[in-house]
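Per-entry structural report
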Amino acid sequence: TLNWRVKFEQAAGLASRIYSAWLQLTPGTQTDASAAVFPDSELRGRIEFHLISISGGPALARPVTPEQLSTPGMQKTITDVLDRVEQFKRTNPAAARQIGI
């Protein structure tokens, strides 16, 4: 569970940063960084359910219990976020730097 706690903190921290950021991909146009990094709406829904709270302010990590960390849905979301962020950093290094990931 300690390993999943560390991974949760990493994934939730990245998701919070991404959900709070905007990207300028073309001059004069900004886009929501969460849609760029996580184009799959199903994954974004799981992120908002398991990892972060976005109601009325900046995205913040949700409090979690050891029991929640042990669920397959939580573990899949954590793994998917970490994998997707690494993929985005490889394929879009300039945008990743702009977000700060």
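A brief structural summary. (Residues numbered from 1 in each chain as written. Predicted model: local features only at pLDDT ≥ 70, side-chain atom pairs only at ≥ 80, totals over all residues. Heavy atoms only, no water.)

**Thoughts on helix 1 (residues 2-19)**
Taking 1.5 Å of rise per residue, the 18 residues of helix 1 would be expected to cover 26 Å, and the 25 Å separating its terminal C-alpha atoms lies within 8% of that figure. Buried within helix 1 we find Phe8, Ala11, Ala12, Leu14, Ala15, Ser16, Ile18 and Tyr19. (Helix = DSSP H or I, 4+ residues; strand = E, 2+ residues; numbered from the N terminus. Expected span 1.5 Å × (residues − 1). Buried < 20%, exposed > 50% of the residue type's maximum accessible area, 1.4 Å probe, protein only.)

**Digging into the pairing of strand 1 (residues 22-26)**
Inspection of the sheet shows strand 1 paired to strand 2 (residues 29-32) by four bridges, in the antiparallel sense. What sits directly across from threonine 26, in strand 2, is threonine 29. (Pairing = 2+ DSSP bridges.)

**Things to note about the packing of helix 1 against helix 5 (residues 72-91)**
Running from amino to carboxyl end, helix 1 crosses helix 5 at an angle of 55 degrees, the nearest separation of the two axes being 9 Å. Regarding the angle of helix 1 to helix 5, the classification is oblique. Considering how the two elements wind past one another, helix 1 and helix 5 form a crossing that is left-handed. Facing Trp4, Lys7, Phe8, Gln10, Ala11, Leu14 and Ile18 of helix 1, the residues of helix 5 in contact are Met74, Gln75, Ile78, Thr79, Val81, Leu82 and Val85. (Axes fitted to C-alpha atoms, helices over the stretch in contact; angles between N-to-C directions. Parallel < 35°, antiparallel > 145°, perpendicular 65-115°, else oblique. Left-handed = near helix turned anticlockwise from the far one by under 90°. Contact = heavy atoms within 4.5 Å.)

**Quick notes on the pattern of salt bridges**
Scanning all chains against the criterion turns up four salt bridges. Residue aspartate 80 is joined to arginine 46 by a salt bridge in which the shortest nitrogen-to-oxygen separation is 2.7 Å. On the criterion of sequence distance, the pair formed by aspartate 80 in helix 5 and arginine 46 in helix 3 (residues 41-50) is long-range, its members being 34 residues apart. For the pair aspartate 80 and arginine 46, a shared accessibility class is recorded, and that class is buried. What emerges from the salt-bridge pattern is a single network uniting Glu42, Arg46, Lys76 and Asp80. (Salt bridge = Lys/Arg side-chain N within 4 Å of Asp/Glu carboxyl O.)

**Here we look at the packing of aromatic side chains**
The geometry of an aromatic ring pair is captured by two quantities: the separation of the ring centres and the angle between the planes. Within the structure shown, the criterion is met by one aromatic pair. Positioned over the ring face of tryptophan 4 is lysine 7, at 4.7 Å from the centre of the ring. (Phe/Tyr/Trp six-rings, centres within 6.5 Å; stacked < 30°, edge-to-face > 60°. Lys NZ or Arg CZ within 6 Å of the ring centre and 35° of its normal.)

**Looking at the environment of serine 53**
If you trace the backbone, serine 53 turns up in strand 3 (residues 52-53). Serine 53 gets classed as partly exposed once you look at its relative accessible area, which sits at 25%. Taking C-alpha positions, serine 53 is 15 Å from valine 81, a pair spaced 28 residues apart along the chain. Leaving out residues up to four positions away in the same chain, serine 53 has contacts with Pro58, Ala59, Leu60 and Arg62.

**Description of the environment of arginine 17**
The residue arginine 17 is located in helix 1 in this model. Owing to a relative accessible area of 39%, arginine 17 belongs among the partly exposed residues under this scheme. In this structure, the C-alpha to C-alpha distance between arginine 17 and isoleucine 99, residues 82 residues apart in sequence, is 7.4 Å. The contacts of arginine 17, once residues within four sequence positions are left out, are Ile99, Gly100 and Ile101.

**What about the nonpolar core?**
Among the nonpolar cores identified, the biggest contains 29 residues, and Phe38, Ile47, Leu51 and Ile99 are the most heavily contacted of them. If you list the elements that add at least two residues to this core, you get helix 1, helix 2 (33-37), helix 3, helix 5 and helix 6 (93-99). For this core, the element with the highest residue contribution is helix 1, accounting for seven residues. With residues up to four places along the chain from it excluded, the contact list for leucine 51 reads Phe8, Ala11, Ala12, Arg46, Leu60, Ala61, Arg62, Met74, Thr77, Ile78 and Val81. (Core = buried A, V, L, I, M, F, W, Y, C linked by side-chain atoms within 4.5 Å.)

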